[in-house]
Amino acid sequence: MNNAIFRFPNPGNEPVKSYAPGSDEKRELKKALTQICTEEWDIPLLIGGKEVRTGNTGKVVMPHDHKHVLATYHKAGEKEVQMAIDAAMKAHREWSELPWVERASIMLRIAELFATKYRYLLNASVMMGQSKSPFQAEIDAPCELIDFLRYSTFYAGQIYADQPYSDKGILNRMEYRALEGFVFSLSPFNFTSIASNLNMGPAMMGNVAVWKPSTTAIHSNYLLMKVFQEAGLPDGVVNFIPGQGSVIGKVITASPDLAGFHFTGSTATFNTLWRQMGNNLETYKSYPKIVGETGGKNFIFVHPSSPTLEVATAIVRGAFEYQGQKCSATSRAYIPKSLWKEIKEQIAAQLSEIKMGDPQDFTHFFNAVIDETSFDNIKSYIDHAGQANDAEIIFGGKCDKSVGYFVEPTVILTTNPQYKSMVEEIFGPVITVYVYDDNKYEETLELCDRTSPYALTGSIFARDRYALQMAFDKLRYSAGNFYINDKSTGAVIAQQPFGGSRASGTNDKAGGPLNLTRWTNARCIKEAFVPPTHFSYPFLGEK
Ligand code: NAD
């Protein structure tokens, strides 16, 4: 019987490899890329640890070369969704009652497998399946994925150690039970690490999950499942069911055992699922816990005291890394008239050096957007700006989907602070700039706060400390992750806990203790040592 009270040490972040010319990691990654590009995977559903093939299939293609098929995957129908729910519920008792250190050990083993044996295969899968450059793939998967796993064990220990005070004569305890049911995890295409964590965060706290991966991230997400299994995750703890969201969502939200919904994706999808759960409220045995991190319209706000080259660089990196498909990508900028000419020239100089194409060529900073639907949507915003009276395209704007879904890094300049692309999330490589009068700093801050329904990330650039303080106050609710003299992207687990409010989600800070606590159902236990033997109290004796 192991009765240790265990504390995992603070793990620190997984070091990011550089993939510089001549490095071992570059050689290993190139080998893994060749493997991924020459194989065609067959991807089944994984339910209760077993492979299930439905025969209703779809293709996984490279976004930058859409004729190249990476895999064929099987889609779940209503029957398989119910099978996945049943498998999760079957695993519930044993998994939730397993000592937490045993669960943590599996998490750490998965992290280690991705840090070593599967590091390059995972990177190559993300590069080819989701069109990421080597660096963008590295910081997502494996690095952030590993950080999520290691820090969830660290924070789980802190949560479990947090126990109530016991007065004399009694003993109080808190049992952090798993939720009484299963968690539905619904993941986006853009971060492999998030897809892993949507399952593994709740699993760390003893929960079982039914997971619908994004159709455009199935290749890497299937590899995650295979490694979860290799690390010893018991059958049924996570059940992998690719397929059509609306079909799967309908069966899941009608299940009486739905106890949690862990989501990252667009605001529209989150709203649809929340509405479905609301309509089924009387069906559920418990109120499902709902955690969703959703869209953004992230800003850079520049004060006239700012250094211009740093601003231009933050715009180029913030708006265009991973083709603007990070939830935190900068998509609107407020720039004072006095600095605009200089910043514009510096953006132009940097954009002229950016090369676009297949991620297998490491000189390409910029790759393709995820799929045709996304390409067409982004292009519609660019076309709109091309015809608008109050906006013009000043850089980029070319779109070509003949080989891959390529959209140039695009900068729109508008005279209208409420122009469509200043307000709506586009989720592509498009940033809109509004130039304001230097003497209207305060009112433009207020404008920035009111312009969009989202509140995910935002940056303020200034040397003037009073100006920074004013922005800090005026933009208090405009961003859940607020940057000072830095770009709006690149949050690191345990350093900048991530999430936003308003239409950007429930702000439960993925990967941190706030999020993990949501996946517990606390039972408080009070024990009396010498219970009373008569009902009366002293106040009853009036005289
Ligand atoms: P999405 O909403 O289109 O899809 C997310 C998941 O939901 C996918 O698995 C999809 O298949 C599924 N889905 C879609 N419609 C559904 C329905 N009606 N019923 C059930 N499932 C359904 O999002 P995406 O395009 O994969 O990701 C991009 C979005 O995610 C952007 O809006 C971005 O801002 C957001 N995002 C936010 C964060 C954050 O932390 N706030 C992080 C990453 C991505």
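Residues numbered from 1 in each chain as written. Predicted model: local features only at pLDDT ≥ 70, side-chain atom pairs only at ≥ 80, totals over all residues. Heavy atoms only, no water.

### A closer look at the site of the ligand
- Lining the immediate surroundings of the ligand are 25 residues, of which Ser 187, Ser 266, Thr 269, Thr 294 and Glu 425 lie closest.
- For the ligand, the protein covers 84% of the area, taking 850 Å² as the surface of the free molecule.
- Sorting the residues of the shell around the ligand by element identifies α8 (245-253), β10 (258-264) and α9 (267-279) as the ones contributing at least two each.
- A breakdown of the residues in the shell around the ligand according to their chemical character gives eleven nonpolar, eleven polar and three charged. (Near = heavy atom within 4 Å. Areas by Shrake-Rupley, 256 points an atom, 1.4 Å probe, with all protein chains shown as cover. Helix = DSSP H or I, 4+ residues; strand = E, 2+ residues; numbered from the N terminus. Nonpolar A, V, L, I, M, F, W, Y, C, P; charged D, E, K, R; others polar.)

### Some words on the domain arrangement of the chain
- Assigned domains within the chain: domain 1 (26-294 + 505-525) and domain 2 (298-484).
- Measuring from the centre of the C-alpha atoms in domain 1 to the corresponding centre in domain 2 gives 31 Å.
- Taken over both partners, the interface formed by domain 1 and domain 2 buries close to 2200 Å², and the fraction arising from carbon and sulfur atoms is 62%.
- On the domain 1 side of the contact with domain 2, His 64, His 66 and Phe 189 bury the most area, a combined 23% of that side's loss.
- Inspection of the region where domain 1 meets domain 2 yields zero salt bridges. (Domains from an automatic or database assignment. Buried area = accessible area lost by both parts, 1.4 Å probe. Salt bridge = Lys/Arg side-chain N within 4 Å of Asp/Glu carboxyl O.)

### Concerning the pattern of salt bridges
- Tallying each qualifying case throughout the model produces 28 salt bridges.
- Of the charged contacts in the structure, one is a salt bridge between Arg 27 and Asp 24, with a shortest N-O distance of 2.3 Å. On the criterion of helical spacing, the pair formed by Arg 27 and Asp 24 is a turn pair, its members being three residues apart in helix α1 (residues 24-38).
- Note that Glu 51 is salt-bridged to Arg 53, the shortest N-O span being 3.1 Å.
- Classification of Glu 51 by relative accessible area gives partly exposed; the value is 42%. (Buried < 20%, exposed > 50% of the residue type's maximum accessible area, 1.4 Å probe, protein only.)

### Remarks on the sheet that holds strand β12 (residues 298-302)
- Across the sheet, seven strands lie side by side as β14-β17-β18-β13-β12-β20-β21; this open sheet has mixed pairing. Both edges of this open sheet fall to β14 (391-395) and β21 (481-484), since each of them pairs with a single strand only. Going across the sheet, the axis of each strand differs from the next one's by a mean of 20 degrees, ignoring polarity.
- Two strands pair when backbone bridges link them, and β14 and strand β17 (residues 410-414) are joined in this way by four bridges, in the antiparallel orientation. (Pairing = 2+ DSSP bridges. Axes fitted to C-alpha atoms, helices over the stretch in contact; angles between N-to-C directions.)

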